[in-house]
Amino acid sequence: MLVGVDHVQLAAPPGSEDRLRSYYVDVLGMTEIAKPAALAARGGCWFQAGAVHLHLGTEADFRPAKKAHPGLRVRDIEGYAARLADRHAPVIRNDDLPGHRRFYSEDPVGNRLEFLEPDGP
């Protein structure tokens, strides 16, 4: 029986770790967490914000995910969108999901990310 999502893995090109750190820590406000030693040699980096865990692994033939994406719940979506815009990250608004406010963005290697907040209390 499934009980939850442990993490979401996204891909990135080799050597992009510093750009990823800048975006996921400075722009999104996540914290980098140490990878286990056996996995650290493979490159990439891991990030956490509360119960949200995102793992970025490197791929030699990397192509960014343009359709597939994690959907990340936020509080104060307008404030969060402003945070991203203030840090020069794209904010692409989308009102197609009933009962939610949401926008899309892209990390520095082109992966699509969705940020959403349910309407109401």
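About the thresholds
- Residues numbered from 1 in each chain as written.
- Predicted model: local features only at pLDDT ≥ 70, side-chain atom pairs only at ≥ 80, totals over all residues.
- Heavy atoms only, no water.
- Pairing = 2+ DSSP bridges.
- Helix = DSSP H or I, 4+ residues; strand = E, 2+ residues; numbered from the N terminus.
- Axes fitted to C-alpha atoms, helices over the stretch in contact; angles between N-to-C directions.
- Contact = heavy atoms within 4.5 Å.
- Buried < 20%, exposed > 50% of the residue type's maximum accessible area, 1.4 Å probe, protein only.
- Arc of directions from axis to C-beta.
- Phe/Tyr/Trp six-rings, centres within 6.5 Å; stacked < 30°, edge-to-face > 60°.
- Lys, Arg positive; Asp, Glu negative; His and termini not counted.
- Salt bridge = Lys/Arg side-chain N within 4 Å of Asp/Glu carboxyl O.
- Polar contact = N/O pair within 3.5 Å; in protein donor to acceptor, adjacent residues only side chain to side chain.
- 1 Å grid on protein atoms, 1.4 Å probe; cavity = no way out; pocket = protein on both sides within 12 Å on 5 of 7 lines; lining within 4 Å.
- Points joined across faces, edges and corners; volume = space filled by probe spheres on them.
- Nonpolar A, V, L, I, M, F, W, Y, C, P; charged D, E, K, R; others polar.

(A) View of the sheet that holds strand β5 (residues 71-73). With mixed pairing, the four strands of this open sheet are ordered in space as β5-β8-β7-β6. Two strands lie at the open edges of the sheet, namely β5 and β6 (92-94), each paired on one side alone. Taken pair by pair, the neighbouring strands of this sheet meet at an average axis angle of 30°, ignoring direction. Sheet analysis places β5 next to strand β8 (residues 112-118), joined by three bridges and oriented parallel. For Gly71, the partnering residue across the bridge sits in β8 and is Glu114. Packing against the sheet, helix α3 (residues 77-86) makes contact with β6, β7 (100-106) and β8, and its axis sits at approximately 15° to β7.

(B) How the structure looks around helix α1 (residues 17-27). Among the residues of α1, those classed as buried are Glu17, Leu20, Tyr23, Tyr24 and Val27. Within α1, the buried residues cover an arc of 160° as seen down the axis, which keeps them to one side. Lining the buried residues of α1 we find β1 (8-12), β3 (45-49), β4 (52-58), α3, β7 and β8. Following α1 by one or two positions, Gly29 adopts a phi angle in the positive range, close to 85°.

(C) Examining the packing of aromatic side chains more closely. Applying the stated rule across the entire model yields four aromatic pairs. Arranged with centres 5.0 Å apart and planes meeting at 85°, the rings of Tyr23 and Tyr24 form a pair that is edge-to-face. We note that Tyr23, like Tyr24, is buried. When the centroid spacing of 5.5 Å and the interplanar angle of 55° are considered together, the rings of Tyr80 and Phe115 count as tilted. Note that Tyr80 is positioned in helix α3 and Phe115 in strand β8, a separation of 35 residues in sequence.

(D) Here's a closer look at the side chain of Glu17. Along the polypeptide, Glu17 turns up in helix α1. Despite its burial, Glu17 remains without a salt bridge, the nearest opposite charge being carried by Arg21 at 5.7 Å. A polar side-chain atom of Glu17 sits 3.4 Å from the main-chain amide nitrogen of Gly15. At a separation of 2.7 Å, a polar atom in the side chain of Glu17 contacts the main-chain amide nitrogen of Gly44.

(E) The layout of surface pockets, seen in detail. Considered as a void within the structure, the largest pocket measures approximately 250 Å³ in volume. Surrounding the largest pocket, Leu28, Gly29, Met30, Ala49, Val52, Leu72, Arg73, Val74, Arg75, Tyr80 and Phe115 form its lining. Grouping the constituent residues of the lining of the largest pocket by class yields eight nonpolar, one polar and two charged. There is about 160 Å³ of room inside the second largest pocket. Taken together, Val5, Asp6, His7, Val8, Ala51, Val52, His53, Leu54, Pro70, Gly71, Leu72 and Arg73 form the lining of the second largest pocket. Where the lining of the second largest pocket is concerned, the elements lending two or more residues are β4 and β5. Residue composition of the lining of the second largest pocket, by class: seven nonpolar, three polar and two charged.

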